[in-house]
Amino acid sequence: MAELLLLVMKTSDLQRTFGCLLSMEESEPLLAAAAQPRRVIGHAAWSGPFPESTVVEDFRRRLKYYFMNPCQKYRARGRKPWKLMLQILKIAIITVQLVSFGLSNEMMVTFKEENLMTFRHLFLKGYKDNWQGSHAIYSQADLYDHIYYLISRYSHLQNLTVGNLAYERVGGTFTPLTVCKVLYRKSNVDPGNDTFDIDPHVEKGLSVRSLTESLNCVYVSRLLSVNVYLTLKTVNLQTVRHHELPDCYDFHITIIFDNRAHSGKIKVDVKNQVRIYECRDWNVEGNSGKIDYLLVLFDAVVIVACFTSLILCSRSVIKGIQLQFVMVSLSDRLEFVNGWYILIIASDVLTMAGSVMKIGIQTKFQSNYDICSILLGTATMLSWVGVIRYLGFFKKYNILILTLRAAFPNVIRFCCCVAMIYLGYCFCGWIVLGPYHDKFRTMAKVTECLFSLINGDDMYATFLKTRDNCYMVWLFSRLYLYSFISLFIYMVLSLFIALITDTYETIKHHQKDKESVSQLHIFIAECRDQPESGKYQTDVEPSTCCVSPCGCYG
């Protein structure tokens, strides 16, 4: 088949070059000379020389039908666009599913964050809402006061809190507060004599205290940190207003007094690990749990719809691969691999995985909201992006898709070159400006700061926050920031935009002049049969690509 197509293309080139029309009889010697004992076109096989030109036309017609849009296929064979209708339905139901899950996830995250803020106000002495810096203490007296204050607040929690907080019970006994001291095994530091003697091995001491016992003395000179562990329980009642059963929460709280720097500043922080589970006994007036079963049933419908879409799109991808032939360029062969179908397949897989996790969350078998939200969010994004495929059937919308596809290889190569310069600036900024500028303290912060500067965000604040206690570093920061901003905003971004614009103008020129962009499309364009001509109605269908009884083309 590849040899046949190549010879037909060569014949077309000769016709355009010499301005003469070659008949099929004149080209038959060429075809017969290149013929092998057995030839295959699509799924039809024969022996001996090539058949009449009708076989070539049939193959060309099959290719043209494959690249038709759903409306043209319906006019050609009367086949209903099942995939199109299924994609529209799927987008609607997975969007509803995402919104429903998003509301539950928002309530859960908000509840955890508000409880974490509550714990900071309850257990940290003198804590104030200050997002710009961490809570810290600077003296031994403050350290002891904070630890005793924490124990006292924990013991009187029921009389202090306005929430539904309770102590954890294990075997009918309340779980006590636990204090863990982390110290050097030996530390003898005398800065006055410029001497020190230290054993860097770390020792941990657990002190499980009742609510009335005091805390032993903490050796600040050896102290690395003091970690206080406690567990509290509560119920998230706000979900009742949204017709969802409340969940029970276990908060495993860790309060850390961090002295690892030994700089005279002990940082204090509160961390919280949450376990969500189904309450042991519950009763909600007027709620029989019917809504939960309906939500599970809705998720099952989403899974069935995505699985059907997965089968149909996989069938179309397989059909395209079977229509490939060797003697064309790689770009033409990739025309048969529909990237939109692959995108939809990925969306279907993610949606099914996320829906299964969502059912597990609703039935209280697991509580991993974060992974479920990532799966459902990514799947919904890909589904909506896949809508562009159907907008591409209209000429005025298709230019965006063609521009993105044509510019993608050049954009990737351009970004690879730019990434080398960007990483160089990142490492340089982290090493030189990191100790003097909060935005350059870590590599993650450096990349975020420089990306913001490329987009013109927060420029003046970045210049202003550079501390001038070291003149050389201050001068270097000015040269560093000015050169980076000038290079990336005025040169790199301009070249990037020019790259996209040039591709857009090229595609627009091809569409205006109706020029074919590949030999494959030149070959297909020689088929003049319209979808309404009735010539696409055939009873001969390939048997190996049929995955479902709906047919092999769709």
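Residues numbered from 1 in each chain as written. Predicted model: local features only at pLDDT ≥ 70, side-chain atom pairs only at ≥ 80, totals over all residues. Heavy atoms only, no water.

1. Brief notes about the state of the cysteines
Note the threshold: Only a pair of cysteine sulfur atoms within 2.5 Å counts as a disulfide in this structure description. Here a helix means four or more residues in a row that DSSP labels H or I, a strand means two or more in a row labelled E, and each is numbered from the N terminus. For every residue, the accessible area (1.4 Å probe, protein chains only) is compared with the maximum for its type, and the residue is labelled buried under 20%, exposed over 50%, or partly exposed between those bounds.
Applying the stated rule across the entire model yields one disulfide. At a sulfur-sulfur separation of 1.9 Å, the disulfide partner of Cys248 is Cys279. Residues Cys248 and Cys279 are joined by a disulfide whose S-S torsion is about 115 degrees; by sign, that bridge is right-handed. Of the two residues, Cys248 sits in strand 10 (residues 247-258) while Cys279 sits in the loop between strand 11 (266-278) and helix 8 (290-322), which places them 31 residues apart along the sequence. With a relative accessible area of 12%, Cys279 lands in the buried category. Among the cysteines around Cys417, which has no disulfide bond, Cys416 carries the closest sulfur, lying 6.8 Å off. Here Cys417 falls in the exposed class, since its relative accessible area comes to 54%.

2. Description of the environment of Met459
Filter applied, for reference: In this analysis, two residues are considered to be in contact whenever any of their non-hydrogen atoms come within 4.5 Å of each other.
For Met459, the location among the structural elements is in helix 14 (residues 459-464). The class of Met459 is partly exposed, set by a relative accessible area of 25%. Each C-alpha atom, one on Met459 and one on Cys449, is 9.4 Å from the other, the two residues being ten residues apart in sequence. If we skip the residues at most four places from it in the chain, Met459 touches Leu453, Ile485 and Ile489.

3. Looking at the confidence of the model for the chain
Definition in use: For every residue, the predictor reports its confidence as pLDDT, a number between 0 and 100.
With 73% of its residues at a pLDDT of 70 or more, the chain shows a mean pLDDT of 77. Mean pLDDT values over the elements of the chain span from 36, in helix 2 (residues 24-34), up to 92, in helix 13 (residues 443-454). Note on residues 1-52: pLDDT is under 50 here. Beyond four places in sequence and across chains, it has 66 contacts. Every residue in residues 539-554 scores below 50 in pLDDT, and together they form 38 contacts with partners more than four places removed in sequence or on other chains.

4. What about the packing of aromatic side chains?
What counts here: Pairing of aromatic side chains here covers Phe, Tyr and the six-membered ring of Trp, requires ring centres within 6.5 Å, and sorts the geometry by plane angle: under 30 degrees stacked, over 60 edge-to-face, intermediate tilted.
Counting across every chain of the model gives 19 aromatic pairs. Consider the rings of Phe101 and Tyr369, whose centres lie 5.9 Å apart with planes at 20 degrees: the pair is stacked. You can see Phe101 sitting in helix 5 (residues 82-123) and its partner Tyr369 sitting in helix 11 (residues 369-391), a full 268 residues away along the chain. Judged by its relative accessible area of 4%, Phe101 is buried. Note on Tyr369: relative accessible area 9%, which makes it buried. When the ring of Tyr425 is compared with that of Phe488, the centres are 6.3 Å apart and the planes differ by 85 degrees; the resulting orientation is edge-to-face. Remark: Phe488 occurs in helix 15 (residues 471-513) and Tyr425 occurs in helix 12 (residues 395-433); sequence separation between them is 63 residues.

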